[in-house]
Amino acid sequence: MNAPASTAQVSQMQRAARQAEVVSALQKTVPAHALLWQAEDTVPYECDGLTAYRERPLVVVLPETEDQVAAVLKACHALQVPVVARGAGTGLSGGAMPNAMGVTLSLAKFNRIIRIDPRSRTAVVQAGVRNLAISEAAAPHGLYYAPDPSSQIACTIGGNVAENSGGVHCLKYGLTVHNVLQVRGFTVEGEPVSFGSTALDSPGIDLLPLIIGSEGMLAVTTEVTVKLVPKPQLARCIMASFADVRKAGDAVAAVIAAGIIPAGLEMMDKPMTAAVEDFVHAGYDLDAAAILLCESDGTPEEVEEEIGRMSEVLRAAGAIAITVSRDEAQRLRFWSGRKNAFPASGRISPDYMCMDSTIPRKRLADILEAIADMEVKYGLRCLNVFHAGDGNLHPLILFDANDADQLHRCEQFGADILETSVAMGGTVTGEHGVGVEKLNSMCVQFSAEENEQMFAVKRAFDAHGLLNPGKVIPTLQRCAEYGRMLVRGGKLAHPDLPRF
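Since the structure is predicted, the reported quantities are computational estimates derived from the model, not experimental observations. (Residues numbered from 1 in each chain as written. Predicted model: local features only at pLDDT ≥ 70, side-chain atom pairs only at ≥ 80, totals over all residues. Heavy atoms only, no water.)

Draft legend 1. Quick look at the overall build of the chain. The helix and strand inventory of the chain stands at 17 helices and 18 strands. The C-alpha radius of gyration of the chain comes to 23 Å, within 12% of the 23 Å expected for a compact globule of 500 residues. Its C-alpha atoms give the chain principal-axis dimensions of about 65 × 60 × 40 Å. When the accessible surface of the chain is summed, it comes to about 20,000 Å², and 53% of that surface belongs to carbon and sulfur atoms. A gap of 2 Å separates the mean positions of the 44 positive and 58 negative side-chain charges of the chain. (Helix = DSSP H or I, 4+ residues; strand = E, 2+ residues; numbered from the N terminus. Rg over C-alpha atoms; globule rule 2.2 N^0.38 Å. Areas by Shrake-Rupley, 256 points an atom, 1.4 Å probe, with all protein chains shown as cover. Lys, Arg positive; Asp, Glu negative; His and termini not counted. Charge placed at Lys NZ, Arg CZ, Asp CG, Glu CD.)

Here you go:
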C-alpha cells in the first residue's frame, strides 16, 4: 500500500511547528469554528470508508463559502501545504485519507441545492449535497438523478464526481460522467475554474470527463450541474436463481447478447445472499448458488414485453427459478437487499475490504471460480456482489484488522483479485477509485511510460503536487520496489502482466 508520510516519520517538534504556521495562516481565511487542529477534533477525519489505513491530518478546515475555499487554497499554496478535499468520507479506496503534514478541506457545509430546473431537467447543487437528496428534491417534478451508489443516502455529489460513481442502475443510465453537465471549483492556487457547460457543447478541449474520476488530484469541486431524468411509469424486478455460478455468469452475457439493456442487472453469490437475507429479509432464494436481479422500467407495455423477453433468456440460460416483483414494495425489498450488501457483511465480520475491479462480462464465472480458489489460498472468506451488467466486481474480503497477519493476507488477496482481473482483460477499478488501496495494482496494469503521462496531466493542473498527493498514480520507484518484492516472494501469479 502507498500512504502519505506517516506522523511517525515526522518529529513531533516539526509537526507542531508546521501546524502552528498553518493554523496561523488559515485563521485569516475562515471563522474560528471552521478550523480544527486539536487531536480529539481531527481524529474523526483520519480515514474514509477504507478503515484499515488511517492518518491524522495536520489541520481540518470546513469553509462555508466559495470565497473561503479560494482563500484556504491560496494560503496553503503559499505555504506549499498539501490539501486533501473530503466529502462524506464514504469512499472505499482511501482517496480521502489525510496527509500527515497537510490540510483536510471538508466540503461538508456546501450542502445547498441551488436550483431544480424541470424544464431543462437539470439541478445545480453544491458539492456537499447528498446523492439521494437530489432525487428527493426533484421528485415533485417527476424527475430524479439516475446514478445511485449503495451509499447514496450519505455520499455526496462532490465525492461522486471525484470517483465517477455508478450504482445498481448504471448499466442503462450510466455513471456520474454520463449524468453531469458542468463542474465548478478551484485550482490548487485558489483560482476559479469550470469544466463542461449547460449548453450542448463547450468551447475548447472537453475537460469534463478528465475532472470526473480524477479523485481530487486536479481541482477542488464546489458546485455540480447534473442531468435529471423522468421517473419511469413502472419498474419491475426479476429475481432469477441459478444452481451454479457459471450458469449465472453466462446468463448475464446472454441477456446483453439478446439486445436487452436492463435498468439494473446485479449478481450475488450464495454467501452474500445469506448475509443479506439475515439482515434485511429481502426474500432472496437461499438455496441458489447465485441470484441475478434484473430490472425493467418504462411504460407498462414496455416493461411487460421486456420482462417476458428477459425471463425467456434467463430460463434458456439455466435459471432454476424466476420470481417477478408483484408490486413496488417487493421490488424495493429486492433492491434493499442488494444495497445493504456492505452493512450486512459488516454484521458477520469485524472488518471487510471491498474490491472494485472490472472484467469482460463473459469472464464473470471465471473470476468467481478464481476467487473461490483464493479463499483457500489466503485462508479468508469472500462474499461476492457484482454490477454484473457491466462487469464491475465488488468482492468483500472478510478479515480482522486487529490481526496483522489477517490484514496482510487480505491485502494479498485483494491484489490477487485485481491482477487476475487485468489478466482477464479488465481493469483495477470501476467506480471506487485508486486512492491508496490500488497503487501497487496500477503498477501491474500500466507501464512506466503510461504512468508518466498521467503525472504529466497532474503537473499541468498542480505543478507542485499539493492536491491529494501520494495517491492514484504510482511512482517509478514504487513500481520497481513492488516488482522486486513480487519476484523475491514468488508472487507473480501472472508473470506476463507486471511491467515494472
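So much for the structure itself; the text now carries on.
Draft legend 2. Up close: the state of the cysteines. Per the stated rule, a full pass over the model turns up 1 disulfide. A sulfur-sulfur distance of 2.2 Å marks the disulfide that ties cysteine 443 to cysteine 479. Classification of the bridge connecting cysteine 443 and cysteine 479 rests on its S-S torsion, roughly -85 degrees, and on that basis the disulfide is left-handed. Here cysteine 479 lies in helix α17 (residues 476-489) and cysteine 443 lies in helix α15 (residues 439-445), a separation of 36 residues in the sequence. Residue classification places cysteine 479 among the buried residues on the basis of a relative accessible area of 6%. Here cysteine 170 stays unpaired: no disulfide links it, and the sulfur of cysteine 155, its closest cysteine neighbor, is 13 Å away. With a relative accessible area of 8%, cysteine 170 lands in the buried category. (Disulfide = S-S within 2.5 Å. Buried < 20%, exposed > 50% of the residue type's maximum accessible area, 1.4 Å probe, protein only.)

Draft legend 3. Region of interest: the sheet that holds strand β6 (residues 122-126). If you walk across this open sheet you meet the 5 strands as β5-β6-β10-β8-β9, and the pairing is antiparallel. Of all strands in the sheet, those bounded by a partner on one side alone are β5 (113-117) and β9 (192-196). On average, adjacent strands in this sheet sit at an angle of 10 degrees to one another, irrespective of strand direction. Direction of pairing for β6 relative to strand β10 (residues 220-227): antiparallel, over a ladder of 5 bridges. Directly across from glutamine 126, in β10, lies its bridge partner glutamate 223. (Pairing = 2+ DSSP bridges. Axes fitted to C-alpha atoms, helices over the stretch in contact; angles between N-to-C directions.)

Draft legend 4. A look at the side chain of glutamate 277. Residue placement: glutamate 277 occurs in helix α9 (residues 270-280). Among buried charged residues, glutamate 277 stands out as having no salt bridge; its nearest opposite-charge side chain is arginine 333, 8.0 Å away. Setting aside anything within four residues of it in sequence, one finds glutamate 277 in contact with Ala282, Gly283, Tyr284 and Leu286. (Salt bridge = Lys/Arg side-chain N within 4 Å of Asp/Glu carboxyl O. Contact = heavy atoms within 4.5 Å.)

Draft legend 5. Up close: the sheet that holds strand β15 (residues 321-324). Spatially, β15-β12-β14-β13-β17-β18-β16 is the arrangement adopted by the 7 strands of the open sheet, whose pairing is antiparallel. Both edges of this open sheet fall to β15 and β16 (351-354), since each of them pairs with a single strand only. Put simply, the sheet's adjacent strands are angled 15 degrees from each other on average, direction ignored. Sheet topology places β16 next to strand β18 (residues 392-399); 4 bridges connect them, and they run antiparallel. Each residue of the ladder has a partner; that of aspartate 351, found in β18, is phenylalanine 399. Strands β12 (234-242), β13 (264-269), β14 (290-298), β15, β17 (382-387) and β18 of the sheet are contacted by helix α11 (residues 328-339), whose axis makes an angle of about 55 degrees with β12.

Draft legend 6. View of helix α1 (residues 12-26). The first and last C-alpha atoms of α1 sit 21 Å apart over 15 residues, in line with the 21 Å expected at 1.5 Å per residue. Of the surrounding secondary structure, the elements contacted by the buried residues of α1 are β1 (35-36), β2 (59-61), α3 (66-79) and β4 (103-106). (Expected span 1.5 Å × (residues − 1).)

Draft legend 7. Layout of the packing of helix α13 (residues 364-378) against helix α14 (residues 404-423). Relative to each other, α13 and α14 sit at 155 degrees, their axes nearing to 10 Å. In terms of orientation, α13 lies roughly antiparallel with respect to α14. The way α13 lies across α14 gives a crossing that is right-handed. Between α13 and α14, the contacting residues are Ile367, Ala370, Ile371, Met374, Glu375, Lys377 and Tyr378 on the first element and Arg409, Gln412, Phe413, Asp416, Ile417, Thr420 and Ser421 on the second. Per-class residue counts for the contact of α13 with α14 are 7 nonpolar, 3 polar and 4 charged. (Parallel < 35°, antiparallel > 145°, perpendicular 65-115°, else oblique. Left-handed = near helix turned anticlockwise from the far one by under 90°. Nonpolar A, V, L, I, M, F, W, Y, C, P; charged D, E, K, R; others polar.)

Draft legend 8. Summary view of the packing of aromatic side chains. Overall, the coordinates contain 4 aromatic pairs when judged by the stated rule. Residues tyrosine 144 and tyrosine 173 carry aromatic rings whose centres are separated by 6.4 Å and whose planes lie at 75 degrees to one another, so their mutual orientation is edge-to-face. In this pair, tyrosine 144 is assigned in strand β7 (residues 143-144) and tyrosine 173 in helix α6 (residues 170-173), connecting sequence segments 29 residues apart. For tyrosine 144, a relative accessible area of 17% puts it in the buried group. (Phe/Tyr/Trp six-rings, centres within 6.5 Å; stacked < 30°, edge-to-face > 60°.)

Draft legend 9. View of the pattern of salt bridges. Following the criterion strictly, the structure yields 21 salt bridges and no others. With its nearest N and O atoms 3.2 Å apart, the salt bridge here joins aspartate 148 to lysine 339. One end of the pair, aspartate 148, is in the loop between β7 and α5 (157-163); the other, lysine 339, is in helix α11, with 191 residues separating them in the sequence. Taken individually, aspartate 148 and lysine 339 each receive the classification buried, so the pair is uniform in this respect. Through salt bridges that share partners, Arg246, Arg363, Asp366 and Glu369 make up one connected network.

Draft legend 10. Highlighting a nonpolar patch on the surface. Together, Ile205, Leu207, Leu210 and Val457 make up a nonpolar patch on the protein surface, roughly 320 Å² of accessible area in all. Positionally, leucine 210 belongs in helix α7 (residues 208-211). Under the relative-accessibility criterion, leucine 210 is labelled partly exposed at 33%. (Patch = residues over 30% accessible without salt bridge, like charges linked within 9 Å, V, L, I, M, F, W, Y side chains within 5 Å.)

Draft legend 11. Quick peek at unusual backbone geometry. The backbone of glutamine 80 sits at a positive phi, close to 55 degrees, despite the residue not being glycine. Mapped onto the elements of the fold, glutamine 80 is located in the loop between α3 and β3 (83-86). Phi at histidine 281 takes a positive value of approximately 55 degrees, unusual for a residue other than glycine. Relative to the assigned elements, histidine 281 resides in the loop between α9 and β14. The exposure class assigned to histidine 281 is exposed, which follows from its relative accessible area of 53%.

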